[in-house]
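Descriptive analysis of the structure
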Amino acid sequence: MLNTQVKSERNLREVLYKRVRIYHRFLYRNDAMADSLGKYMAAQNGVQFSRANPLTGRILVIFDETVINENDIAYHIDTYIRNNVPQKESKVIELDSVRNKSRQKTAPEADYLWPEQTRQYTEESPSFHTMQENELEEILNTNLDEGLTDNYARQTVKAQGLNILSEKKRQSVFYQIIKNLLDYSTRLLIGAGIASVIVGQIADGAAILGIAALQTVISTVQQHKAECSISSLKSMMVHKTRVIRNGKEHSISTKYLAPGDVIIVESGDKIPADARIIESFSLQTTEATLTGESAPVGKSAGICGENTDLSGRHNMIFAGTSALSGRARAVVTATGMNTEIGKIAGMIQNISEDPAPIKIKINRLTKWITKAAFLFCLLIIGAGLTTGRTLAEVLIMSICFSIGAIPESLPAVVNASMALSAQRMAKKNVIARSLPAVETLGCTDVICCDKTGTLTMNEMTVKKIYTSGAFYSVSGAGYAPNGTISADGGSRWNADALERILTAGALCNNSRLTSVQGKWAVQGDSTEGALLTTARKYGLDLDCLEKSTKRVREIPFDSTMLCMTTVSAGTDGRTVCCKGAFSRISEKCGSILENGEERPFTAADKEKIQALCDSMGDETLRVLAFACKRIDNEEDDAESDFVFLGLMGMEDPPRDGARESIQKCHRAGIKVIMITGDNKNTAYAIGRRLGLLTDGIVMTGAELDELSDSELRSGIDRIQIFARTCPAHKHRIVKALKEAGHIVAMIGDGVNDTPAMKEANIAVAMGKNGSDTAKDVAGITLVDDEFTTIIDAIQEGRAVTNNVKNAIRYLLGGALGEIAAVTLAAVVFGISPLLSIQMLWVNVISETIMGSSLAVEPAGSGLMTQPPYARGGSLVSRTSLLQIIRRGMLIGLSTFGIFGGAMLLGLGLAKARTLAFVTLVLSQLLNVYRCRNNKDKRPGLYRNMAALTSAALLLGIVYYPPLCAFFKTVPLNGFDLAAVVCAAGVSRI
């Protein structure tokens, strides 16, 4: 308990204080800059300590992450250095004038480095996000104004390869067929079939070989699934790209892009390659495919810090992502498999799929059975030959023995159990792409999942409003305008102030709300959608507002300014509205709205509002500040003298039932680990709110990088949340969990999740909002994207394992009965009590029908209060083994008893075998009812129908002449039937 408290306290300190070292080239050997920057950063709010070292070019910052984060620190450093070091004048891209610009430099020609000196960029490539423009030109051998020459670009593509994602060669169908034919039990059946043909049992041999062929075909069909993951990734690559070469703009095929090419990106374009931004005009991209976070990302040309993670590199754009708004010019830094999405494709290709736990257990059981059967066959052959039997006789005897020993119907029963469970799961919005995935889910003891869209709704929702000195709570979740706005305790309702801030949020907005079949969605930014929804909840008529106002000017959101401004003209004049980060909005405001009146905005007010922002941030709310003012004409200043209106705090709310589902997982012995790209504080708060974080640790991707594989593996059980992660981190986490002995389910929806999903024992994809790549990798798809649905799926998976164990008890009991009967008859009479074709019918038809009825058993009560089934555990427990031996011996004794009695009474071999055959089948019919697990429920309709069907087929074999001739049976009279029933009843003792 003490250790747990110490760990929790240490984890809390890690949450409150964090350190980061950031490199900048202008700090290196620059004592004055290092000294001034260190003092400047130490004065920033939230920074506890700061010191720059000119010898290393790095600045150490110790900070409170609840107040300031790494991206803010990098921004402050970059801004300070740019303001104090002479640099090239920043440009605003003028796409129409690109080809007309005067050129001062000549683009590099092809005789610089070709081809052996050309650099291949890998994970250890230069940090392009930290470089100045002249460094980019030097390393990439390009000219940022004129681009590459055609000749140089062709040589680069020739040396480094096309800008495409490569794909591993897949296994052919023929290879898979051969592999399945070499399966242990299949080889034994093939051997038995060939031996039957050799000794003249053509019909028996053909039937045995047919069974082996059927099993091989079924296995091949199940295994031959198209590997669509890379194909889906390929579809994300762009076909045409606007590029500047030889100083002119061209449109070329994307696959011919080369590092150093200068590309032009506009709103709606897909990014063709990884690139560093040179010029940007309000570019926003969506990087959900890489980071998993759906919020738009503002892009600019400013330099990032050395340690800036992928999601924070505002001056980089990445292949496979999309431009939402704005435009930019960028220089390509990586193509093909060297891009971030290419690295993901490479990880997917190099991950080998582990066999499902059920396959491992069945293969182990089958090998044990076949080895035992082979050993007994040798003993029978040896004993038969020493007693004077012919080789043909002992071979026929051994074939009968091997057929009885091998439960040929086991694969069919197992597949039927999983198929029927898959059908039941489909009714609960869970689709299984592969049957073994159903059972694997039941063995899962760790679930790894993302936050956004999995545990939360991925629909931003305003929860709290502060305006005119009053707080308001907003009910409801998502984009549906269902909910109310109410004043918090002690706050006075101010309708005018509330309407002003909500109107500002609606006017300073480029998104729209739509409703299709009762489902509300946002077209545009999710944050802006939340503002529109809140306005509707209050009762604002947005349609009327849109008609009565006209947008006359806009200053789009910029990642540097961190705000957006619009000028709208209405019947009552022009209104300027601004929204964004409080630190930026407060700089524009000269007055504040309080108690319904405007008064000067003082420094004390700003400190108070900043404290409110911090407090709302501690509640995991994303805070936006709002301001507005009136102007007389369009030429008036739209950047100052605003009236501060207030704050809105919004969140991506947890999904309904997510907390309860996590608690159910904990009761079922399943650990839930959240892996998210959010910062540590947000992840910590969400984890607490969902009940996911108890006494465990929250670890960031940067902290994860500092651990060796062995350290991560030894401590993985203590970590409950991973924050600020990238695709490689997710893959490494899942791999460490597997190496620690866990059965891991990975829930994902984006391309960034696919390496971890493929590494996991079972991959679960979101059906509504998941990417095609994630769905292709997944064995399970949640149609409704609800985390709660996974609980139903796990329960069904556990029911599958339970039913398979019941079926194995039933099948092995019957197999042992056949072995006992054959062995006793061979010892006493020197002949088999059953023909091969009769034993095949029992194993393949009768036992399959009856065994499959066990597969439809519904999940028993208490399954989700038990620990998961162990991966290495046996399908046959000690208790089950004793039951199998007891029931098998009783079946064998009753079958041999009636056969021996008929032989002693001189009824003839055909009659004796018929009696034994019928007794064996009836014994199995009675045995199946004893192998049920759900004793609290009566046998279902399927069970009774299966029994009647098997009995009807048995009557046909005994009394229908064509079938009698094929199975070599004779009709039985009333006395015979009574004897059979009595003999079968012995097995119930």
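Presented here is an overview of the structure given in this document. A quick note: this is a predicted structure, and the numbers were derived from the prediction, not measured.

1. With respect to the overall build of the chain
Each helix and strand counted, the chain has 35 helices and 30 strands in total. Long-range contacts, defined here as pairs at least 24 residues apart, represent 71% of the contacts in the chain between residues at least 6 apart. Counting only carbon and sulfur atoms, one obtains 55% of the accessible surface of the chain, whose full area is about 41800 Å².

2. Examining helix H23 (residues 680–690)
Buried residues dominate H23, accounting for eight of its eleven residues. Buried residues of H23: Lys-680, Asn-681, Ala-683, Tyr-684, Ala-685, Ile-686, Gly-687 and Leu-690, and no others. Gly-691, located one to two residues past H23, shows a positive phi value of around 75°.

3. Observations regarding the packing of helix H31 (residues 878–904) against helix H35 (residues 974–986)
Helices that pack against each other are described as a pair by the angle of their axes relative to one another and the distance between those axes. Running from amino to carboxyl end, H31 crosses H35 at an angle of 155°, the nearest separation of the two axes being 8 Å. Viewed along their axes, H31 and H35 adopt a mutual orientation that is roughly antiparallel. For H31 against H35, the interelement crossing comes out right-handed. Counted together, Leu-890, Ser-894 and Ile-898 of H31 and Ala-979, Val-980, Ala-983 and Val-986 of H35 form the full contact between these two elements.

4. So, the sheet that holds strand E25 (residues 671–675)
Strand order in the open sheet made by the eight strands is E11-E30-E29-E28-E12-E25-E27-E26, with mixed pairing throughout. In this open sheet, the two strands that pair with only one neighbour each are strand E11 (430–432) and strand E26 (697–700). The average angle at which neighbouring strand axes cross in this sheet is 20°, direction not considered. Relative to strand E27 (residues 719–723), E26 runs parallel, the two sharing four bridges. By the bridge assignment for E27, Ile-697 is matched with Ile-719.

5. Looking at the packing of helix H17 (residues 495–507) against helix H18 (residues 526–538)
Running from amino to carboxyl end, H17 crosses H18 at an angle of 145°, the nearest separation of the two axes being 8 Å. For the pair H17 and H18, the crossing hand works out as left-handed. Note on element contacts: H18 touches H17 through Leu-531, Leu-532, Thr-534, Ala-535 and Tyr-538, opposite Ala-495, Leu-498, Glu-499, Leu-502, Gly-505 and Ala-506. For the contact of H17 with H18, the residue count by class is eight nonpolar, two polar and one charged.

6. Side note on the environment of Cys-726
Here Cys-726 lies in the loop between E27 and helix H26 (727–739). Residue Cys-726 is classed as partly exposed on the basis of its relative accessible area of 23%. For the pair formed by Cys-726 and Gly-701, sequence separation is 25 residues and the distance between their alpha carbons is 7.3 Å.

7. Regarding the sheet that holds strand E2 (residues 47–53)
With antiparallel pairing, the three strands of this open sheet are ordered in space as E1-E3-E2. For this open sheet the edge positions go to strand E1 (18–23) and E2, each flanked by a neighbour on one side alone. Averaged over neighbouring strand pairs, the angle between their axes works out to 15° when direction is ignored. Note: E2 against strand E3 (residues 58–63), six bridges, orientation antiparallel. Bridge pairing links Ala-52 to Ile-59 in E3. Packed onto the sheet, helix H3 (residues 70–84) meets E1 and E3 and runs at close to 40° relative to E1.

8. Thoughts on empty space enclosed by the protein
Inspection of the entire model under this criterion finds one cavity of 30 Å³ or more. The volume enclosed by the largest cavity comes to roughly 30 Å³. Surrounding the largest cavity, Ile-22, His-24, Ala-74, Ile-77, Asp-78, Ile-303, Cys-304 and Gly-305 form its lining. Counting residues per element, the lining of the largest cavity draws most heavily on H3, at three residues.

9. Quick word on the packing of aromatic side chains
Overall, the coordinates contain eleven aromatic pairs when judged by the stated rule. When the centroid spacing of 5.6 Å and the interplanar angle of 75° are considered together, the rings of Phe-582 and Phe-644 count as edge-to-face. Of this pair, Phe-582 sits in helix H20 (residues 582–588) while Phe-644 sits in strand E24 (residues 642–651), placing them 62 residues apart in sequence. Of the two residues examined, Phe-582 and Phe-644, each falls in the buried class. Here Phe-601 and Phe-644 contribute two aromatic rings whose centre-to-centre distance is 5.3 Å and whose plane-to-plane angle is 10°, an arrangement assigned as stacked. Here Phe-601 is found in the loop between strand E22 (597–600) and helix H21 (603–618), whereas its partner Phe-644 is found in strand E24, with 43 residues between them in sequence. Owing to a relative accessible area of 1%, Phe-644 belongs among the buried residues under this scheme. Here the basic side chain of Lys-629 rests over the ring of Phe-642, its NZ or CZ set 5.1 Å away from the ring centre.

Criteria and thresholds
- Residues numbered from 1 in each chain as written.
- Predicted model: local features only at pLDDT ≥ 70, side-chain atom pairs only at ≥ 80, totals over all residues.
- Heavy atoms only, no water.
- Helix = DSSP H or I, 4+ residues; strand = E, 2+ residues; numbered from the N terminus.
- Contact = heavy atoms within 4.5 Å.
- Areas by Shrake-Rupley, 256 points an atom, 1.4 Å probe, with all protein chains shown as cover.
- Buried < 20%, exposed > 50% of the residue type's maximum accessible area, 1.4 Å probe, protein only.
- Axes fitted to C-alpha atoms, helices over the stretch in contact; angles between N-to-C directions.
- Parallel < 35°, antiparallel > 145°, perpendicular 65-115°, else oblique.
- Left-handed = near helix turned anticlockwise from the far one by under 90°.
- Pairing = 2+ DSSP bridges.
- Nonpolar A, V, L, I, M, F, W, Y, C, P; charged D, E, K, R; others polar.
- 1 Å grid on protein atoms, 1.4 Å probe; cavity = no way out; pocket = protein on both sides within 12 Å on 5 of 7 lines; lining within 4 Å.
- Points joined across faces, edges and corners; volume = space filled by probe spheres on them.
- Phe/Tyr/Trp six-rings, centres within 6.5 Å; stacked < 30°, edge-to-face > 60°.
- Lys NZ or Arg CZ within 6 Å of the ring centre and 35° of its normal.

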